[in-house]
Amino acid sequence: MRVISSPRVSEQAVLAALRDAFGDLALRTSPGQFVVDLPGGGDVIHYPAVLSHADVYSVKVSPYLPDPAGPAVVMAWTMLLSLSTGQPLALLDASELTVERTAATTVLAADLLLPPSARTAAVVGYGRVGRAHARYLRHLRPGVTVRAFSPEGIDEAGDGVQAVASLEDAVTDADLVMLCTSAADDVIDPRTLPAGTVVTSISTNAPGAREIPSAAVEALDVYVDALTTLQVAADLTRAAADGWDPAAVRGDLAGLVAGRAQRPSGERPVYFRSVGLGIEDAAVAWAVLHNDNTMTKG
């Protein structure tokens, strides 16, 4: 079994691997997350998946270990297992890969939901994950202007990204708003944005993590990375408890990739909610392993 402690892979390879993985997924269901609570606090999240085209089973384990004396320990490891031999193929340090798959999944969905005419995007929250979102968006849609805002301020926005002073400056007239915070409360209300604006949101380890008000959900064209997200994402579960019908979801990422999901209506803002899936971890890990094999042979 190969151990890859410093995985490397290009944005192009990550996006291609995700397209292939969600294309595989179009006719079946991806397993959701499984959480094991630990004595004394903390947990370990398991992200399983099958990559049919690669004949590989994958599982990522991500322990969250609180430390009263300092920051919590958060780690991630992905193992790839051959479905032909039953033997492990690789163990990868997935800490950085989690950032890559999170950003790439968002941008892949946004690209499929946005019209070709989209010209401006906002990144709200500009830490590691926000910078990765901007990087993947500039790779996939190089003509889009990217504005970035962070409440803590931004020392250096990066190539082609404009740092702005306020949330309003970031989102005004933006075709795409990518929320990349660690918030457990509302960051923005999409109902205040023009119809057709695409808003994306991710999850963090914050309890009850959400970035929009649950009351806004029924006023949006909602898409998810997978239908299992409806049982996990705090904003969506709260909206359902308050009367929103989850059957109103217009599609998942597999359906978008396959071209069978409903298109946005154009009458409301669009909302894509992701929580992180094992299929994403598997796809990126497989791309890393392929890249590592190529470099070793070269």
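Residues numbered from 1 in each chain as written. Predicted model: local features only at pLDDT ≥ 70, side-chain atom pairs only at ≥ 80, totals over all residues. Heavy atoms only, no water.

### As for the overall build of the chain
Phase 1 of the analysis: In terms of regular secondary structure, the chain is built from seven helices and 15 strands.
Phase 2 of the analysis: In summary, the chain has a C-alpha radius of gyration of 19 Å against a globular reference of 19 Å for 298 residues, a match within 12%.
Phase 3 of the analysis: Summarising its shape, the C-alpha atoms of the chain cover approximately 55 × 45 × 45 Å along the three principal directions.
Phase 4 of the analysis: Counting only residues that meet the buried cut, the chain has 48% of its 298 residues in that class.
Phase 5 of the analysis: Taking contacts inside the chain between residues at least 6 apart in sequence as the whole, the part at least 24 apart equals 65%.
Phase 6 of the analysis: Surface summary for the chain: the accessible area is close to 13,400 Å², and the carbon and sulfur share equals 52%. (Helix = DSSP H or I, 4+ residues; strand = E, 2+ residues; numbered from the N terminus. Rg over C-alpha atoms; globule rule 2.2 N^0.38 Å. Buried < 20%, exposed > 50% of the residue type's maximum accessible area, 1.4 Å probe, protein only. Contact = heavy atoms within 4.5 Å. Areas by Shrake-Rupley, 256 points an atom, 1.4 Å probe, with all protein chains shown as cover.)

### Examining the nonpolar core
Phase 1 of the analysis: By size, the foremost hydrophobic cluster in this structure holds 62 residues, and its most contacted members are Phe-22, Leu-92, Leu-137, Leu-176 and Ile-279.
Phase 2 of the analysis: Counting residues per element, this core draws most heavily on helix H2 (residues 95-113), at nine residues.
Phase 3 of the analysis: Ignoring anything within four residues of it in the chain, the contact list for Leu-92 reads Ile-4, Ala-76, Trp-77, Thr-78, Leu-80, Leu-97, Ala-285 and Val-288.
Phase 4 of the analysis: One finds Phe-149, Val-164, Val-199 and Tyr-271 within the second-largest nonpolar core, a separate group that totals 25 residues. (Core = buried A, V, L, I, M, F, W, Y, C linked by side-chain atoms within 4.5 Å.)

### Quick look at the sheet that holds strand E11 (residues 176-179)
Adjacent strands of a sheet form backbone hydrogen bonds with each other and so pair up, either parallel or antiparallel.
Phase 1 of the analysis: The strand order E10-E9-E8-E11-E12-E15-E13-E14 describes an open sheet built from eight strands, whose pairing is parallel. Looking at strand neighbours, the two that pair on one side only are strand E10 (161-163) and strand E14 (251-252), the edges of this open sheet.
Phase 2 of the analysis: Note that strand E13 (residues 221-224) and strand E15 (residues 270-273) share four bridges and pair parallel. If you follow Val-222 over to E15, its bridge partner there is Tyr-271.
Phase 3 of the analysis: Where helix H5 (residues 234-241) meets the sheet, it contacts E13 and E15, and its direction lies at approximately 115° from that of E15. (Pairing = 2+ DSSP bridges. Axes fitted to C-alpha atoms, helices over the stretch in contact; angles between N-to-C directions.)

### Let's talk about the environment of Leu-253
Phase 1 of the analysis: In this structure, Leu-253 sits in helix H6 (residues 253-258).
Phase 2 of the analysis: Overall, Leu-253 belongs to the buried group, its relative accessible area being 0%.
Phase 3 of the analysis: C-alpha separation for the pair Leu-253 and Asp-225, spaced 28 residues apart in sequence, amounts to 4.9 Å.
Phase 4 of the analysis: If near-sequence neighbours (up to four positions away) are discounted, Leu-253 is found in contact with Phe-22, Thr-105, Leu-108, Ala-109, Leu-112, Val-224 and Asp-225.

### Things to note about the packing of aromatic side chains
Phase 1 of the analysis: All chains considered together, the criterion is met by zero aromatic pairs.
Phase 2 of the analysis: Geometry around Tyr-47 places Arg-101 over its ring, the cationic atom sitting 5.5 Å from the centre. (Phe/Tyr/Trp six-rings, centres within 6.5 Å; stacked < 30°, edge-to-face > 60°. Lys NZ or Arg CZ within 6 Å of the ring centre and 35° of its normal.)

### Let's talk about H5
The α-helix winds at 3.6 residues per turn, so residues separated by three or four positions along the chain end up facing the same way.
Phase 1 of the analysis: Residues Asp-235, Leu-236 and Ala-239 constitute the buried set of H5. On an axial view of H5, the arc spanned by its buried residues comes to 95°, and they lie on one face.
Phase 2 of the analysis: On its buried face, H5 is in contact with E13 and E15.
Phase 3 of the analysis: Note on H5: the residue one or two positions beyond its end, Gly-243, has a positive phi of about 115°. (Arc of directions from axis to C-beta.)

### Re the pattern of salt bridges
Phase 1 of the analysis: For the coordinates displayed, the defined rule picks out 13 salt bridges.
Phase 2 of the analysis: In this structure, the salt-bridge partner of Arg-250 is Asp-221, at a minimum N-O distance of 4.0 Å. Of this pair, Arg-250 sits in the loop between H5 and E14 while Asp-221 sits in strand E13, placing them 29 residues apart in sequence.
Phase 3 of the analysis: We classify Asp-221 as buried; its relative accessible area is 0%.
Phase 4 of the analysis: What emerges from the salt-bridge pattern is a single network uniting Lys-60, Arg-101, Glu-280 and Asp-281. (Salt bridge = Lys/Arg side-chain N within 4 Å of Asp/Glu carboxyl O.)

### Focus on a nonpolar patch on the surface
Phase 1 of the analysis: On the surface, Leu-65, Val-73 and Met-75 cluster together to form a nonpolar patch covering roughly 220 Å² of accessible area.
Phase 2 of the analysis: Using a relative accessible area of 37% as the deciding quantity, one classes Met-75 as partly exposed. (Patch = residues over 30% accessible without salt bridge, like charges linked within 9 Å, V, L, I, M, F, W, Y side chains within 5 Å.)

### What about the pairing of strand E3 (residues 43-51)?
Phase 1 of the analysis: Summarising burial for E3: seven of the nine residues are buried, a large majority.
Phase 2 of the analysis: Linkage of strand E2 (residues 34-37) to E3, two consecutive antiparallel strands, is achieved through a turn of five residues, within which Gly-40 is found at a positive phi near 85°.
Phase 3 of the analysis: Alignment of E3 against strand E4 (residues 56-67), held across nine bridges, turns out to be antiparallel. In the sheet register, Val-44 faces E4, and the bridge partner there is Pro-63.
Phase 4 of the analysis: Count of turn residues in the E3/E4 antiparallel hairpin: four residues, of which Asp-55 carries a positive phi of about 55°.

### Looking at unusual backbone geometry
Phase 1 of the analysis: For Asp-55, which is not glycine, the phi dihedral falls at a positive 55°.
Phase 2 of the analysis: Structurally, the position occupied by Asp-55 is in the loop between E3 and E4.
Phase 3 of the analysis: For Asp-55, a relative accessible area of 32% gives the class partly exposed.
Phase 4 of the analysis: We note that Asp-173 has phi near 65°; this positive angle belongs to a residue other than glycine.
Phase 5 of the analysis: Here Asp-173 falls in the exposed class, since its relative accessible area comes to 66%.

Limitation: the analysis is restricted to geometry and does not speak to function.
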